[in-house]
Amino acid sequence: MEFKVSRRAVLQSAAAVAAVTTLGIKPEHVLGAEGDVLKVRMVGDMQVLDPGYMIGGVETSALYACMPRLAVPIHDANGDWAWAPSDFVEKVAQDDDTHISFTLKKGMMWSNNGGEITADDVKFSFERMLASDWSSRWPTLDHVDVKDSHSGVIVLKTPFVATWLLGIASESGAILPKKLTEKLPDGKFTTEFPAQHGPYMMTDWTPKQKLVLKANPDFKGTKPVFAEVQFIDVEDTKAAELAFEGHEVDVTSVTTETAARYKKSMPEHAKLIETPGPFYSWIGMNTDHPLLKDIRVRKAIQRAIDVDSILQGAYAGVSPKAYGAIPIGILGHRDASKYSYNPEEAKALLKEAGVSGLKLEFVTLNQSERIAACQIIQSNLADVGIEITIKPVDSGPFWNLGLESKGDDWKNLQLWIMQYRCSPDPSDPIQWFVKDQVGVWNWERWSDPEFEDLWKKGLQETDSEKRKQIYLRMQEIMEDTGAYVWLTFDPLFYAHSDKNVPGFDPGGEVRPELCKKA
Amino acid sequence: MLLYLIQRIGLSILICVTAMTLLFAAIHVIPGDPATIMLGTRATPEVRARLEKEMGLDQPVPVQLVKFLGRAATGNLGIDVWSKRSVSTIVMENLPYTLILILTGLGWSALVGIPLGCYSAIRRNSFIDKFTGVISVGTISIPSFVVAIYALLFFSIQLGLFPVIGAGENGDRADQIWHLVLPSLAVGLGWVGYLARIVRASMLEVMGENHVRTARAFGLPESKIVLHYALRIAILPTVTLLALAIGGLLSSAVFAENIFARPGIGKLIVDSANVRNYPVVQGAVMATVALFAFAMPIADFLVAWLDPRVRSAL
């Protein structure tokens, strides 16, 4: 067949190119999917599903939905995160401080002809984590003893209560198919599970567009409500909010500004969920800096800053006030502190310290709410005679500021706003303030013998009430250094269709198997 | 002709190399440790070191640059440090979406701009001509992201006529076209004015030439003279303009892809830059630079092919 392109044909057809865009349009394409399909916005595309090397986000959702595990995170009677046996086990329990026994249910089969899920898979999966990027989730794991095909014992080197919430019940506790994973190059995988078995099966992934999970007909546990869950990639939050208002996604996170707007006027057929986030924010002070060495100066700053005004002015009035470092919903959360906004007391403390005309530099990430917070702080501190220069910086230089390994910036560091993210065990948010972290992530650069002692006890104490008291005291010690002004636990806001009720993991990721119809 | 083409292609390769060198310099001038930014506060020094090694950041910058250019010459743009997927694959997954968006945007602008310019030239100084002048300046001066946002708010959110996000279901061509309408309108609208102005000017010139006067003298219908004899010549400058438009359209596509959460090379660059995923940023920028650099010689070739006068002049 001869194919000839003439100049005339090119010129004649050029005008017709745009016309094709008007062909084949169907009104039904505008409508979002309904019924048994739930569309959830994902903040970023899937990258690595392997629990040892994952990043977070939608990978967490996929791991909970598509892979077996021994335990799951739940809320206890106090509203704090705890754990419960999963649908995959006959039994899982802490036998003593260093031994956790488990028995898997029989007859659970891996996809991809992977055979039955066995205790060997559990041993392989957990011990594999020790050499992974997420080994910090299993700091005292020694090994897993396999008793028979379906049961075994997890053996810890030293007691570590947080093993449950940081490891076994977290995304890092996903069980992998040993035989199929070992066959992979480097024994790792990225965007495709070697085999699956969960309430859902990952059936389709279109990069930068969507991830599709379909209900697993072979799953013998609690059946998921939605036959299909689609995670739609909309990385820009404002675009996601428009997509939600256009009924193209059923569940999306929204910004605090939008949450404040929705609280006043919700879009039709929509609801707003405020869920405690894994974030904690505070104003930090460098206790090693000559201008801040005097604890009376630091305490003056503590008392001179009006946190309520910051929350109103910079956080749209929708973020809860913080009284410590442990977020809401985690054992050891504080609901009061020993100081409050009191400019007169601040002036008195400065006078007592013999300080006047103090000039300080305040560093912050160049994000709108933090800069707004800095401006309020600037005004607050001016009221007590402290002059503040605000220095907004990009994330690159900011994260190097307190690291001794990255230069001498830590020597000049004075005041800053910080936000960390944590897992749902109290040891996780507190770990960055121990002595070993001075010059690493303890930018406030203090240490305290009692704090160090409590840190060790907190990791091993199995009694919830005693453990709670340990972490409450540790936050009190932090506060008494004068180096912290607690700000907020930035909550996560989700808008969702009034036809469904989404469920979440402790990090605020949607767990498809927990989503219900309203 | 062949020598001319070789020279132009060589120049395009030089443009690509220069652009990538500048990008490398820009990336390394930005303060901050990419590994720390990517991994956040939870990362151990070992994990950060491993990531730096995987990204090649532990090597001197000139070595990184030479290695990248050497690999790129063979079509290997490296590996995405997160997903371990080939950057070439990721770029090739996204590039078609951008090309379709740009071509459809151009289609919109050609469909509206060429007849508009043509009609303005024929009815010079008429109300339509003046109105077209206003419309042209208006469409040129409105940024594509403004068009995108208002089109989205009005046609999708307010009226519910078009989809808000995405590129449509895989395998459903009609759905994909439906998702393309607003983004391509946003991308192409600005070029309606450019095309209308250049076609008008070109038509006015051509309509005054001898062969048009001769055609009139022979009593040919005016419509045939315009469409068959004048427009065919007048449209040639638009080919070069359209090639130049690729650069502008790529930047418009960045906005459209992000506002409509539509996959594409622009969105890929923005998303990757936000998380400092440098291998993907480099690969995606390389693709866009190459697209622009090679559009020009292709346009020159097309013009030479379509116009024998140009060909004989080379």
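What counts, and where the lines are drawn
Each chain carries its own residue numbering, running from 1 in the direction its sequence is written. All chains are assigned letters beginning at A, and all ligands numbers beginning at 1, according to the order in which they are written. Thresholds applied to this predicted model are a pLDDT of at least 70 for local features of residues and 80 or more for the giving and counting of side-chain atom pairs; totals over whole chains, interfaces and linings are not thresholded and use all residues. To get the side-chain values, take all heavy atoms of the structure and skip hydrogens and water. Helix numbers and strand numbers start at the N terminus; a helix is a DSSP run of H or I with at least 4 residues, a strand a run of E with at least 2. A simple rule labels every residue: compare its accessible area, found with a 1.4 Å probe on the protein chains alone, to the largest value its type can have, and call it buried under 20%, exposed over 50%, or partly exposed in between. The criterion used for residue contact is that any of the two residues' heavy atoms lie within 4.5 Å. For accessible areas, the Shrake-Rupley method is used with a probe of radius 1.4 Å. Any residue's cover is judged against the shown protein chains and nothing else. His is not counted, nor are the chain ends; Lys and Arg add positive charge and Asp and Glu add negative charge. Lys charges are placed at NZ, Arg charges at CZ, Asp charges at CG and Glu charges at CD. UniProt positions are given in the numbering used here, feature names are shortened, and annotations may be inferred rather than shown by experiment. Boundary definitions for the domains trace back to an automatic or database domain assignment. What counts as buried area is the accessible surface, traced by a 1.4 Å probe, that two parts surrender upon association, with contributions from both included. What counts as a salt bridge is simple: a side-chain nitrogen of Lys or Arg found within 4 Å of a carboxyl oxygen of Asp or Glu. Polar contact criterion, stated in full: a pair of N or O atoms within 3.5 Å, where within protein one must be able to donate a hydrogen and the other to accept it, and residues adjacent in sequence count only if both atoms are side-chain atoms. Should DSSP find at least two bridges between two strands, the strands are taken to pair. Within a predicted model, pLDDT stands for the predictor's per-residue confidence, ranging from 0 to 100. The convention used is that axes are lines fitted to C-alpha atoms, helices contributing only their stretch in contact, and that angles between N-to-C directions extend from 0 to 180 degrees. A helix is expected to span 1.5 Å multiplied by its residue count minus one.

Draft legend 1. Examining the overall build of chain B more closely. Scanning chain B from N- to C-terminus turns up 14 helices and zero strands. In chain B, the order of α-helices and β-strands from amino to carboxyl end is α-α-α-α-α-α-α-α-α-α-α-α-α-α. Over its C-alpha atoms, taken along the principal directions, chain B stretches across nearly 85 × 55 × 35 Å. Here chain B holds 314 residues, and 49% of them are scored as buried. By sequence separation, contacts in chain B at least 24 residues apart represent 69% of the contacts at least 6 residues apart. Put simply, chain B shows about 14,300 Å² of open surface, and 70% of that area lies on carbon and sulfur atoms. Taken together, the 24 basic and 18 acidic charged side chains of chain B have centroids lying 8 Å from each other.

Draft legend 2. Spatial organisation of the UniProt feature "domain: Solute-binding protein family" (unreviewed entry) in chain A. Following the UniProt record, the feature "domain: Solute-binding protein family" (unreviewed entry) maps to residues 94-431 of chain A here. Counted over residues 94-431 of chain A, helix gives 28% and strand 24%. Its end C-alpha atoms are 24 Å apart.

Draft legend 3. Representation of the domain arrangement of chain A within the structure. Residue and element names in this part refer to chain A. Along its sequence, chain A is organised into domain 1 (37-240 + 499-517) and domain 2 (279-491). Residue-level contacts link 14 residues of domain 1 with 14 residues of domain 2. Note on domain 1 versus domain 2: buried area summed over both sides is about 1,200 Å², and carbon and sulfur give 58% of it. When the buried area of domain 1 at its contact with domain 2 is split by residue, Asp80, Val161 and Leu166 rank highest and sum to 37% of it. Our count for the domain 1 to domain 2 interface comes out at zero salt bridges. For the pair domain 1 and domain 2, the interface holds three residue pairs in polar contact (both at pLDDT 80 or more).

Draft legend 4. Expanded view of the pairing of strand S8 (residues 200-206) of chain A. All names here are of chain A. The element S8 is largely enclosed, with a buried count of five among its seven residues. Two strands pair when backbone bridges link them, and S8 and strand S9 (residues 210-215) are joined in this way by six bridges, in the antiparallel orientation. In the sheet register, Tyr200 faces S9, and the bridge partner there is Ala215.

Draft legend 5. Representation of the pattern of salt bridges in the model. Counting across every chain of the model gives 33 salt bridges over all chains. Measuring nitrogen to oxygen at the nearest pair gives 4.0 Å for the salt bridge that ties Glu228(A) to Lys214(A). In this pair, Glu228(A) sits in strand S10 (residues 228-233) while Lys214(A) sits in strand S9, placing the two residues 14 residues apart along the sequence. Salt-bridge contacts for Arg445(A) lead to Glu404(A); the nearest nitrogen and oxygen are separated by 2.8 Å. Of this pair, Arg445(A) sits in the loop between helix H14 (427-430) and helix H15 (449-460) while Glu404(A) is found in the loop between helix H12 (395-398) and helix H13 (409-412), placing the two residues 41 residues apart along the sequence. Put simply, Lys208(A), Glu235(A), Lys267(B) and Asp271(B) are held in one network by salt bridges that share partners.

Draft legend 6. Quick look at the confidence of the model for chain B. Residues and elements named next belong to chain B. Residue-level pLDDT values for chain B average 83, and 94% of them are 70 or greater. No element of chain B has a lower mean pLDDT than helix H2 (residues 34-39), at 66, and none a higher one than helix H5 (residues 87-122), at 90. The complex prediction reports pTM at 0.81, with the ipTM value standing at 0.73.

Draft legend 7. Examining the UniProt feature "domain: ABC transmembrane type-1" (unreviewed entry) in chain B more closely. Look at the UniProt record and you will see "domain: ABC transmembrane type-1" (unreviewed entry) annotated at residues 95-303 of chain B. End C-alpha to end C-alpha, residues 95-303 of chain B measures 25 Å, and it is 83% helix and 0% strand.

Draft legend 8. The arrangement of the confidence of the model for chain A in detail. Residue and element names in this part refer to chain A. Averaged over every residue, the pLDDT of chain A is 90; the share at 70 or more is 93%. When the criterion is pLDDT under 50, residues 1-5 qualifies, and its contacts beyond four places in sequence or with other chains add up to two contacts. Below pLDDT 50 for its whole length, residues 9-34 participates in 35 contacts with residues either more than four positions away or in separate chains.

Draft legend 9. Looking closely at the side chain of Arg128(A). Residues and elements named next belong to chain A. Mapping Arg128 onto the fold places it in helix H3 (residues 119-129). Of the polar contacts made by the side chain of Arg128, one reaches the side chain of Asp50; its length is 2.5 Å. The contact partners of Arg128, leaving out residues within four places of it in the chain, are Asp50, Gly52, Tyr53, Leu176, Thr181, Gly187 and Lys188.

Draft legend 10. Representation of the sheet that holds strand S17 (residues 484-488) of chain A in the model. Residue and element names in this part refer to chain A. Strand order across the open sheet formed by five strands is S15-S14-S16-S13-S17, with mixed pairing between neighbours. Two strands bound the open sheet, and with one partner strand each, they are strand S15 (386-393) and S17. Taking each pair of neighbouring strands and ignoring which way they run, the sheet shows an average axis angle of 25°. As judged from the four bridges shared by strand S13 (residues 279-285) and S17, these two strands associate in the antiparallel manner. Its bridge partner being in S17, Ile283 is matched across the sheet by Val485. Sheet strands in contact with helix H11 (residues 368-383) are S13, strand S14 (358-365), S15 and strand S16 (415-421), and its direction is about 170° off that of S15.

Draft legend 11. Highlighting helix H10 (residues 222-234) of chain B. Residue and element names in this part refer to chain B. The end-to-end C-alpha separation of H10 is 16 Å, well short of the 18 Å expected for 13 residues at 1.5 Å each. Of all the positions in H10, only Ile225, Val226, Ala230, Leu231 and Ala234 are classed as buried. Packed against the buried residues of H10 are H5, helix H8 (173-207), helix H9 (210-217) and helix H11 (236-259).

Draft legend 12. Representation of the sheet that holds strand S5 (residues 99-104) of chain A. Residues and elements named next belong to chain A. Read from one edge of the open sheet, four strands run S4-S5-S7-S6, paired in antiparallel fashion. Both outer strands of the open sheet, strand S4 (89-96) and strand S6 (141-148), are each paired with one neighbouring strand and no more. For this sheet, the mean inter-axis angle between neighbouring strands, taken without regard to orientation, is 15°. Two elements, S6 and strand S7 (residues 151-156), share six bridges in a ladder whose sense is antiparallel. Across the sheet, Asp148 pairs through a bridge with Ser151, a residue of S7.

Draft legend 13. View of the UniProt feature "transmembrane region" (unreviewed entry) in chain B. Residues and elements named next belong to chain B. UniProt feature "transmembrane region" (unreviewed entry): in the numbering of this structure it lies at residues 9-30, 97-122, 134-157, 177-196, 233-260 and 280-306. Along residues 97-122, the helical share is 100% and the strand share 0%, with 37 Å between the first and last C-alpha atoms. Split by type, residues 134-157 is 92% helix and 0% strand. Its first and last C-alpha atoms lie 29 Å apart.

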